[in-house]
Amino acid sequence: MTPFAFSRVASADEAVRLGALPGAKYLGGGTNLVDLMRETLERPTSVVDVTGLSSDIGETDDGGLSLGAAARNTAVAEHRLVRRRYPLLSRAILSGASGQIRNMATVGGNLLQRTRCAYFYDDDGARCNKRAPGQGCDAVGGFNRIHAVLGASEACVATHPSDMCVALTALDAQVHLRGQDGGRTVPMVDFHRLPEDRPEIDTVLRPGELITHVSLPPPLAGRSAYRKVRDRASFAFALISIGAVLTVEDDRVADVRLALGGVAHKPWRAFKAEAALRGGPATEAAFGAAAEAELADARPLEHNAFKIELAKRTMVAVLGELAKGQAS
Amino acid sequence: MAILINAQAVSAPDDPRVSLLDLLREQLHLTGTKKGCNQGACGACTVLVDGERVLSCLALAVQYDGRQVTTVEGLGAPGDLHPLQAAFVEHDGFQCGYCTPGQICSAIGMAAEARRGVPSHVSPDLEADAVDLTAEEVRERMSGNLCRCGAYNGIVASIQEIFGEAAQ
Ligand SMILES: Cc1cc2nc3c(=O)[nH]c(=O)nc-3n(C[C@H](O)[C@H](O)[C@H](O)COP(=O)(O)OP(=O)(O)OC[C@H]3O[C@@H](n4cnc5c(N)ncnc54)[C@H](O)[C@@H]3O)c2cc1C
Ligand code: SF4
Ligand code: FES
Ligand code: FES
């Protein structure tokens, strides 16, 4: 680790002031940043501990829910209102990492965790445009089983590894930010970016900007599920995952929200599948057609073509199970 | 301020790069807590902070100023074992023992989570108030603690004896 100055802050104003200094990094639970600092992939000169800022979880005026950026992943997953009204979010968090990591990890840090592409981590042995812009990408022609099938570029084929973010994307969350010039709100679907020719930039967060909280709109009526497919039954990143909320009325799809994890540089909101489904019959054939529509643009690499079929089948299976409980 | 480690006040290191794990092992010579992967993947370094299980390898010690840390040394001692330590001996919950301090600390934190109703990935009902620590629940909740010797059956049996339904 390269040397750095450490400070704890008690207010968002103080955080933003210190966070604006060159070389500054905010610190949440440290489960990603400390690892990256140890590998010297991150070399901040000052680290600003923001775990003392708001970790409140509470109802908003419009009947939604607000999650302080410092709320721990366990605290969100176990919260009564989250379990009752946004079970998809609890399920997604509980499928990720381990009990210890969920106790440390914060909402803000989870959003900003970096890819698990092994070439990104391999500073000495591999070329990576995300780590060193312009260097090239060893994953494209390398071992790319865990990499992206949607929205990738020639510069980078990495995936975003978060489970929680898939649920937040399906649930139309909003990310609330604070910079030196004041606050702004970004829809979760627009928070993470596709790599294009700037894969070193993961999100639309500006330098020094702080995540203060994440908010959820009032809960949807339908049933929901988070399905994660991985190489072992627990404590593994997703190969692919699906967060879904489905409302069926009179055997027709009254409403549906779908997001995919493990397929792209960002949590992938399946807008095409949703549009294909909305108002139509809640049948397996319709679910299959929607899955085909969403993955029509998918592009496999040498080792990850299986993800396309896996994503389709998982989507059909999850929607089928959600519909079954609501058949008239 | 200070970090309270097994009820002893220790000042936070001057160098903020020191992990809680290295503070424990290298500076305080509390070598019960083990370093396996040093990157969050094995659980050997698990300690309790204010009763919650965390990974000391990913924790900057300075961030824990003012908090209470309990390591395996703070739970029991030869001749005065914690009941869970005794159960590990009874049920062959280890072979080489390298993962054991992390398993013990993790299981104690895990049991507190279950008592307050924290659901897991395998819990059928998210809203249930009480968690029955079945073997499946224990395996899922303890999946962050690897055991290269494969003593898992003994580990699960030990945990169930002390924290399972029958124990309550
Ligand atoms: C072994 C292992 C397995 C894992 N498995 C999974 C898994 O299966 N699924 C999954 O989803 N995740 C998994 N994770 C990742 C884990 O969820 C993340 O590391 C965690 O969520 C990061 O949160 P943190 O608070 O520790 O972030 P930190 O490491 O503290 O910070 C991460 C980034 O966020 C920034 N940051 C933190 N807070 C703020 C803020 N308020 N405003 C602006 N910037 C901020 C930091 O500057 C840093 O860049 C795993 C991690 C490990 C180590
Ligand atoms: S896929 Fe992205 S993160 Fe991985 S090596 Fe290529 S540029 Fe780097
Ligand atoms: S040493 Fe901390 S998890 Fe392996
Ligand atoms: S007893 Fe040897 S690693 Fe678990």
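Just so we're clear, the structure is a prediction, and the values are computed from it rather than from any experiment. (Residues numbered from 1 in each chain as written. Chains lettered and ligands numbered in written order. Predicted model: local features only at pLDDT ≥ 70, side-chain atom pairs only at ≥ 80, totals over all residues. Heavy atoms only, no water.)

A. The arrangement of the overall build of chain A in detail. When its secondary structure is counted, chain A shows 13 helices and 12 strands. A globule of 328 residues ought to have a C-alpha radius of gyration of about 20 Å, and chain A, at 20 Å, matches this closely. Each principal axis of the C-alpha atoms in chain A carries an extent, and together these give about 60 × 50 × 35 Å. Counted over contacts in chain A with a minimum sequence separation of 6, partners at least 24 positions apart contribute 62%. Carbon and sulfur atoms form 50% of the exposed surface of chain A, whose accessible area is close to 13,000 Å². Taking the 39 positively charged and 38 negatively charged side chains of chain A as two groups, their mean positions are separated by 3 Å. (Helix = DSSP H or I, 4+ residues; strand = E, 2+ residues; numbered from the N terminus. Rg over C-alpha atoms; globule rule 2.2 N^0.38 Å. Contact = heavy atoms within 4.5 Å. Areas by Shrake-Rupley, 256 points an atom, 1.4 Å probe, with all protein chains shown as cover. Lys, Arg positive; Asp, Glu negative; His and termini not counted. Charge placed at Lys NZ, Arg CZ, Asp CG, Glu CD.)

B. Representation of the interface of chain B and chain A. In this complex, chain B contributes 41 residues to the contact, which on the side of chain A involves 38 residues. Of the roughly 3,300 Å² buried where chain B meets chain A, counting both sides, 50% is carbon and sulfur surface. For the salt bridge of Asp129 of chain B with Arg80 of chain A, the shortest nitrogen-to-oxygen distance reads 2.7 Å. On the surface where chain B and chain A come into contact, there are 24 residue pairs in polar contact (both at pLDDT 80 or more). Mapped onto the side of chain B that touches chain A, the elements with two or more residues apiece are β4 (52-55) and α3 (100-115) of chain B. (Buried area = accessible area lost by both parts, 1.4 Å probe. Salt bridge = Lys/Arg side-chain N within 4 Å of Asp/Glu carboxyl O. Polar contact = N/O pair within 3.5 Å; in protein donor to acceptor, adjacent residues only side chain to side chain.)

C. Seen up close, the nonpolar core. Core analysis: the largest hydrophobic core is formed by 37 residues, its most contacted members being Leu65, Val76, Leu89, Val107, Leu111, Leu168 and Leu216 of chain A. It is helix α9 (residues 164-170) of chain A that provides the largest number of residues to this core, a total of six residues. Non-local contacts of Leu111 of chain A, meaning those with residues more than four positions away in its chain, are made with His160, Met164, Cys165, Leu168, Val175, Met188, Phe191, His192, Ile211 and Val214 of chain A. Val10, Cys57, Leu58 and Val69 of chain B belong to the second largest nonpolar core, which has 32 residues in total. (Core = buried A, V, L, I, M, F, W, Y, C linked by side-chain atoms within 4.5 Å. Buried < 20%, exposed > 50% of the residue type's maximum accessible area, 1.4 Å probe, protein only.)

D. Local environment of helix α12 (residues 284-295) of chain A. A rise of 1.5 Å per residue sets the reference length of α12 of chain A, with its 12 residues, at 16 Å; its end C-alpha atoms lie 17 Å apart and thus fit the reference within 8%. Against the buried residues of α12 of chain A lie β10 (240-249), β11 (252-261), β12 (268-269), α11 (271-277) and α13 (306-324) of chain A. (Expected span 1.5 Å × (residues − 1).)

E. Local environment of the site of ligand 2. Close contacts around ligand 2 come from 14 residues, with Cys117, Cys128, Cys137, Cys156 and Val157 of chain A the closest. Residues belonging to the shell around ligand 2 are distributed by class as follows: 10 nonpolar, two polar and two charged. (Near = heavy atom within 4 Å. Nonpolar A, V, L, I, M, F, W, Y, C, P; charged D, E, K, R; others polar.)

F. View of the side chain of Ser46 of chain A. Its place among the elements puts Ser46 of chain A in strand β3 (residues 46-49). Other than its neighbours up to four places away in sequence, Ser46 of chain A contacts Phe4, Ala5, Gly23, Ala24 and Lys25 of chain A.

G. Spatial organisation of the site of ligand 1. For ligand 1, the set of nearby residues contains 36 residues, the closest of which are Tyr26, Thr31, Leu33, Thr106 and Asp163 of chain A. Those residues lying near ligand 1 are distributed over chains A and B. Here a nitrogen atom of ligand 1 sits 2.9 Å away from a polar atom, N or O, in the main chain of Ile211 of chain A. Considered on its own, ligand 1 offers 980 Å² of accessible surface; in the complex 96% of this is hidden by protein. Taken together, the elements giving at least two residues each to the shell around ligand 1 come down to β2 (24-27), α7 (107-111) and β8 (210-216) of chain A. Its residues placed into classes, the shell around ligand 1 shows 16 nonpolar, 15 polar and five charged.

H. Broad picture of the UniProt feature "domain: FAD-binding PCMH-type" (unreviewed entry) in chain A. In the numbering adopted here, UniProt assigns the feature "domain: FAD-binding PCMH-type" (unreviewed entry) to residues 1-221 of chain A. In residues 1-221 of chain A, helix accounts for 27% and strand for 17%; the two terminal C-alpha atoms are 48 Å from one another. (UniProt positions renumbered as here; feature names shortened; annotations may be inferred.)

I. Representation of the sheet that holds β2 of chain A in the model. All names here are of chain A. As summarised here, the arrangement of the three strands in space is β1-β3-β2, forming an open sheet in which the pairing is parallel. Each having just a single partner strand, β1 (5-8) and β2 make up the two edges of the open sheet. Along the sheet, successive strands turn relative to each other by an average axial angle of 25°, direction set aside. Here β1 pairs with β3 via four bridges, running parallel. Counterpart to Phe6 in the pairing with β3 is Val47. Lying on the sheet, helix α1 (residues 12-19) is in contact with β1, β2 and β3; it crosses β2 at an angle near 145°. (Pairing = 2+ DSSP bridges. Axes fitted to C-alpha atoms, helices over the stretch in contact; angles between N-to-C directions.)

J. A look at the sheet that holds β12 of chain A. Residues and elements named next belong to chain A. One open sheet accounts for four strands, arranged β9-β10-β11-β12; its pairing is antiparallel. Of all strands in the sheet, those with a lone pairing partner are β9 (223-229) and β12, marking the two edges. The pairing of β10 with β11 spans nine bridges and is classified as antiparallel. Its bridge partner lying in β11, Ser241 is registered against Gly261. Across the sheet, helix α5 (residues 87-94) lies against β9 and β10, angled at about 15° from β9, the strand it touches most. Across the sheet, α13 is in contact with β9, β10 and β11; its angle to β10 comes to roughly 35°.

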